[in-house]
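Fold and geometry: a report
One-letter residues, chain by chain:
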Amino acid sequence: MRIADVLRTKGSAVATIAPDAPVSDLLRTLAEHNVGAIVVVGPSGVVGIVSERDVVRRLHETGAGLLTSPVSSIMTAEVFTCTPSDTVDSLTVVMTERRFRHVPVVAEGELVGIVSIGDVVKSRIGQLEQNQDQLQAYIAQG
Ligand code: AMP
């Protein structure tokens, strides 16, 4: 199973925000889209990713003043991305080892989707169920 197959099911919508937007805008975007991470996009393309975990950590450190700080002050600037031709299995390993739950999908320099750990788990369960059905059908044939 490839990332392109996952995107065919879930679509290519990605919630984004500009690096100079205030953190209060980020909170609204997270809530409106009901997602856990937002891709930060500047004029040149993807410049960061910011998850609810970043907000919680920095809110604890700096207090409510964080709400007027720019998103760039709390984002992770070194973003791990994947391509539609990557496999779900390889992404599962990366997400588990690096301990992040969101990976933007980039093709030819364009942001074409985002995959969350939930999408990856759903896809792997679907694959396992399919394998189980095939084995049961094979056994039933005798
Ligand atoms: P998450 O598990 O996605 O909530 O993110 C946990 C931490 O990893 C946060 O500091 C995020 O900014 C960072 N992070 C999330 N996704 C990525 C990614 N694809 N590449 C690099 N860092 C990430």
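Everything numeric in this text was worked out from a predicted model, so none of it was measured.

1. Some remarks on the side chain of Asp119
- Along the polypeptide, Asp119 turns up in helix 5 (residues 117-141).
- With near-sequence residues (within four places) excluded, Asp119 lies in contact with Val6, Lys10 and Ile114.

2. As for the site of the ligand
- Neighbouring residues of the ligand: 13 residues in total, closest Ser51, Asp54, Thr76, Arg101 and His102.
- A distance of 2.7 Å separates an oxygen atom of the ligand from a polar side-chain atom of Thr76.
- The contact in question runs from a nitrogen atom of the ligand to an N or O atom on the backbone of Phe80, over 2.8 Å.
- Across the complex, the protein chains shield 93% of the 480 Å² of accessible surface that the ligand would expose by itself.
- Judged by the proximity of its atoms to the pocket grid, the ligand belongs to the largest pocket.
- Breaking the shell around the ligand down by element, the ones donating at least two residues are strand 3 (45-51), helix 3 (52-62) and strand 4 (102-107).
- At three residues, the largest contribution of residues to the shell around the ligand is made by strand 4.
- Split into classes, the residues belonging to the shell around the ligand amount to six nonpolar, three polar and four charged.

Basis of the calculations
- Residues numbered from 1 in each chain as written.
- Predicted model: local features only at pLDDT ≥ 70, side-chain atom pairs only at ≥ 80, totals over all residues.
- Heavy atoms only, no water.
- Helix = DSSP H or I, 4+ residues; strand = E, 2+ residues; numbered from the N terminus.
- Contact = heavy atoms within 4.5 Å.
- Near = heavy atom within 4 Å.
- Polar contact = N/O pair within 3.5 Å; in protein donor to acceptor, adjacent residues only side chain to side chain.
- Areas by Shrake-Rupley, 256 points an atom, 1.4 Å probe, with all protein chains shown as cover.
- 1 Å grid on protein atoms, 1.4 Å probe; cavity = no way out; pocket = protein on both sides within 12 Å on 5 of 7 lines; lining within 4 Å.
- Sits in = over half its atoms within 2 Å of the grid points.
- Nonpolar A, V, L, I, M, F, W, Y, C, P; charged D, E, K, R; others polar.

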